[in-house]
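# Observations on the model geometry
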Amino acid sequence: MPKVSRDTATQGGDYGAVVDRAEEFGDYTVDFVTFREDIDHRPLLKGLPDDRCQCPHWGYVFRGELTLHYADHDEIYREGDAFYAPAGHVPVHTEPGSEYLQISPSDELRRTNEVIMKNFTAQRPPD
């Protein structure tokens, strides 16, 4: 049976405010995510339908807090919470030092990450 840890994951990277360590298992991706800063993801999701993440995620918060904004409500997940985030969410607050695990369908996550990385690169000042 395949397995992965934060230390053995071969994908993802250190993006300054966020460290993402990931591994694909068949149709799913496991991500270990650590936030060094509070990040509002709204600008990063521009260009997706409704400017919201369309990829569902299942996860577990190891430390800190994660707030997801939906069209009609917010969900707050804290240390020790398992969660399911259906399509149509936006991470709007992630307490610095927060760490969580998320499992997502790889194809949908890949499409979402392409938009996020395009927007992230566009926001960075030129060297």
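### Thoughts on the overall build of the chain
For the chain, the helix and strand inventory stands at 1 helix and 9 strands. Overall, the chain shows an N-to-C arrangement of helices and strands of β-β-β-β-β-β-β-β-β-α. In terms of C-alpha radius of gyration, the chain reaches 14 Å, essentially the compact-globule figure of 14 Å for 127 residues. Along the first, second and third principal axes, the C-alpha set of the chain runs to 40 × 35 × 25 Å. Looking at the 127 residues of the chain, the share that counts as buried comes to 44%.

### Some points on the sheet that holds strand β3 (residues 28-35)
With respect to topology, 6 strands assemble into an open sheet ordered β1-β2-β3-β9-β4-β7, the strand pairing being antiparallel. Of all strands in the sheet, those with a lone pairing partner are β1 (11-14) and β7 (82-85), marking the two edges. Across the sheet, the mean angle from the axis of one strand to that of its neighbour is 20°, orientation sign disregarded. Direction of pairing for strand β4 (residues 57-63) relative to strand β9 (residues 99-105): antiparallel, over a ladder of 5 bridges. Residue pairing in the sheet places Arg63 in a bridge with Glu99 of β9. Sheet strands touched by helix α1 (residues 106-123): β2 (18-25), β3, β4 and β9. Its angle to β9, the strand with the most contacts, is close to 115°.

### Here's the deal with α1
Residues spaced three or four apart along an α-helix point in a common direction, a consequence of the helix completing one turn every 3.6 residues. In this model α1 runs 25 Å from its N-terminal to its C-terminal C-alpha over 18 residues, within 8% of the 26 Å that 1.5 Å per residue would give. All buried positions along α1 are accounted for by Ser106, Leu109, Thr112, Val115, Ile116 and Asn119.

### Brief notes about the nonpolar core
Formed by 23 residues in total, the largest nonpolar core has its most connected members in Tyr77, Phe83 and Tyr100. Elements with a contribution of two residues or more to this core: β3, β5 (65-69), β7, β8 (90-94) and α1. A per-element tally of this core places α1 first, with 3 residues. Counting residues in hydrophobic clusters, the runner-up holds 5 residues, among them Val4, Ala9, Phe32 and Leu101.

### Some details on the sheet that holds strand β6 (residues 74-78)
Strand order in this open sheet of 3 strands is β6-β5-β8, and the pairing throughout is antiparallel. Single-partner strands in this sheet number two, and they are β6 and β8. The average angle at which neighbouring strand axes cross in this sheet is 25°, direction not considered. When β5 meets β8, the two strands line up antiparallel, connected through 4 bridges. Looking across to β8, one finds that Leu66 is bridged to Thr94.

Cut-offs used in this document
Residues numbered from 1 in each chain as written. Predicted model: local features only at pLDDT ≥ 70, side-chain atom pairs only at ≥ 80, totals over all residues. Heavy atoms only, no water. Helix = DSSP H or I, 4+ residues; strand = E, 2+ residues; numbered from the N terminus. Rg over C-alpha atoms; globule rule 2.2 N^0.38 Å. Buried < 20%, exposed > 50% of the residue type's maximum accessible area, 1.4 Å probe, protein only. Pairing = 2+ DSSP bridges. Axes fitted to C-alpha atoms, helices over the stretch in contact; angles between N-to-C directions. Contact = heavy atoms within 4.5 Å. Expected span 1.5 Å × (residues − 1). Core = buried A, V, L, I, M, F, W, Y, C linked by side-chain atoms within 4.5 Å.

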